[in-house]
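Descriptive analysis of the structure
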Amino acid sequence: MRRVYMDANATTPLVPEVLDVMRPYFLEQFGNASSVHRHGQQARGAVESARASVARLVNCRPGEIVFTSGGTESDNLALFGLITPGDHLITTTIEHHAVLHAAEKLRDRGIEVTFLPVSSEGVVDPDDVRRALRPHTKLISVMMANNETGAIQPVGEIGRIAAEADVYFHTDAVQGAGKLPIDVEAIGCDLLSISGHKMHAPQGTGILYVRKGTQLEPLFFGGAHERQRRAGTENVPGIVGLGKAAELALKGLADGSIERLAALRDELEKEILARVDESGVNSAGVARVPNTTNLWFDHLEGEALVISLDLKGLAVSGGSACASGATEPSHVLSAMGLAPSRARASLRFSLMKLTAKEDVEFALEVVPSAVSRLRELSPVYKRPTAVAAD
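Below or above, wherever it landed, is the structure these notes cover. (Residues numbered from 1 in each chain as written. Predicted model: local features only at pLDDT ≥ 70, side-chain atom pairs only at ≥ 80, totals over all residues. Heavy atoms only, no water.)

1. Focus on the side chain of Glu234
When you line up the elements, Glu234 lands in the loop between helix H8 (225–228) and helix H9 (236–252). A relative accessible area of 9% means that Glu234 is categorised as buried. Residues within four places of Glu234 in sequence aside, it is in contact with Ala33, Ser34, Arg44, Val47, His225, Glu226 and Ile239. (Helix = DSSP H or I, 4+ residues; strand = E, 2+ residues; numbered from the N terminus. Buried < 20%, exposed > 50% of the residue type's maximum accessible area, 1.4 Å probe, protein only. Contact = heavy atoms within 4.5 Å.)

2. As for the nonpolar core
Across soluble globular proteins, nonpolar side chains have a tendency to be buried as a group. Val58, Ile65, Phe67, Ile140, Phe169, Leu192 and Ile194 are the most contacted members of the largest nonpolar core, which has 61 residues in total. For Leu192, the contacting residues outside a window of four places in its chain are Val58, Met144, His170, Thr171, Ala173, Ile182, Val184, Ile187, Ile207, Leu208 and Tyr209. Grouped together as the second largest cluster of nonpolar side chains are 29 residues, Ile272, Leu300, Val367 and Val371 included. (Core = buried A, V, L, I, M, F, W, Y, C linked by side-chain atoms within 4.5 Å.)

3. Quick look at the sheet that holds strand E5 (residues 137–141)
The mixed open sheet is built from seven strands, whose spatial order is E2-E8-E7-E6-E5-E3-E4. Two strands bound the open sheet, and with one partner strand each, they are strand E2 (65–68) and strand E4 (112–116). Neighbour-to-neighbour, the strand axes of this sheet turn through a mean angle of 20°, independent of strand direction. Helix H3 (residues 71–82) rests against E2, strand E3 (88–92), E5, strand E6 (168–172), strand E7 (191–195) and strand E8 (206–210) of the sheet, and its axis sits at about 160° to E7. On the sheet, helix H4 (residues 97–108) packs against E3, E4, E5 and E6 and is oriented at approximately 145° with respect to E4. (Pairing = 2+ DSSP bridges. Axes fitted to C-alpha atoms, helices over the stretch in contact; angles between N-to-C directions.)

4. Observations regarding the layout of surface pockets
Volume-wise, the second largest pocket comes out at about 400 Å³. Lining the second largest pocket are 26 residues, and of these Gly178, His200, Leu248, Ala249 and Lys353 sit closest to its centre. Listed by contribution, the elements that provide at least two residues to the lining of the second largest pocket are helix H1 (16–22), H9 and helix H10 (257–275). Looking at the lining of the second largest pocket element by element, the count peaks at five residues for H9. Residue classes in the lining of the second largest pocket are distributed as 13 nonpolar, six polar and seven charged. (1 Å grid on protein atoms, 1.4 Å probe; cavity = no way out; pocket = protein on both sides within 12 Å on 5 of 7 lines; lining within 4 Å. Points joined across faces, edges and corners; volume = space filled by probe spheres on them. Nonpolar A, V, L, I, M, F, W, Y, C, P; charged D, E, K, R; others polar.)

5. Concerning the packing of helix H11 (residues 302–312) against helix H14 (residues 357–377)
As a packed pair, H11 and H14 sit with axes 10 Å apart at the nearest point and diverge in direction by 130°. Viewed along their axes, H11 and H14 adopt a mutual orientation that is oblique. Helix-helix and strand crossings are classified by hand; for H11 and H14 the assignment is right-handed. Of the residues in H14, those touching H11 at Ala304, Leu305, Ser308, Leu309 and Lys312 are Phe362, Val366, Val367, Ser369, Ala370, Val371 and Leu374. Among the residues forming the contact of H11 with H14, the class breakdown is nine nonpolar, two polar and one charged. (Parallel < 35°, antiparallel > 145°, perpendicular 65-115°, else oblique. Left-handed = near helix turned anticlockwise from the far one by under 90°.)

Fair warning: the whole summary comes from geometry, so function is off the table for now.
Here you go:
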């Protein structure tokens, strides 16, 4: 059976160039980057070269990059590393669970947390951020792009609000990296999270950008690694792979790859809407990352459609992979005001740089028939009646 993968917001495969640069650090150049002998210094050089590559991707100093195990750790380090008793945190109701659950845990510990609402298109209003500020506000955390809908948040404007109020600003850029240009100076953020496996680097790799001068309490203790901000022996092969993926991502932003991806996404979206009645796009009216569309198909359960499409060879998602198996509808779509039935009937299609036009054509073959089949089995669906010609 032919298989087509359209769940890139959950994870992406390594590309050959990334695997090739990683391979020597599993075998010949296996040293600990903290060792002073030649093996260690070879590893250290590779880590610092990768650090410089990631710094170029986000336009910062290499010393402001902290390597982590991924987006979840980076988000947790940003929140728990800054917030202390008596502080106030501002975030939104549509954050990834790595931020949302961390904020809830801080609230459980007595920290004041404001969870801002979003519009029906899934975008936070910067004026709501400004109105939420308190004298003791310490940190604002708003994602760059939503992992379920792809909706881009006004992080540049929020960064200016944070700077005016002398408040730290963190943005989870996991779904923006490699799809949008990222400039921490233009955004005005003090902290920024990236996860490697969303951009063709290995799983278990990531970074937290920490602006110079930001005092961050580490989550781990046991060594002076990463300038005392993240104890633990560096994952040298993974870091090297992340560095190469950052180079490729920066190149892709300049060579037309992103525009090609956006064109494929738009074709997929347009044709599905044309071929499937009672369907639509969540966050259709706002700017979105170029690889993502979140579609609703009334009169069916999204989980059943995910399974049906998988059996036909197409991998898509009902939402965040971190919430798979949850019985409640997506917290993102619920925050946008979607009825539970429509939220449960929504699927995310997320493309990657390896997606081809033939993959989109395959999806357009299997999606309409799978939707039709499931609706025929639904006790509440009524097939539209044809209108007779005069």
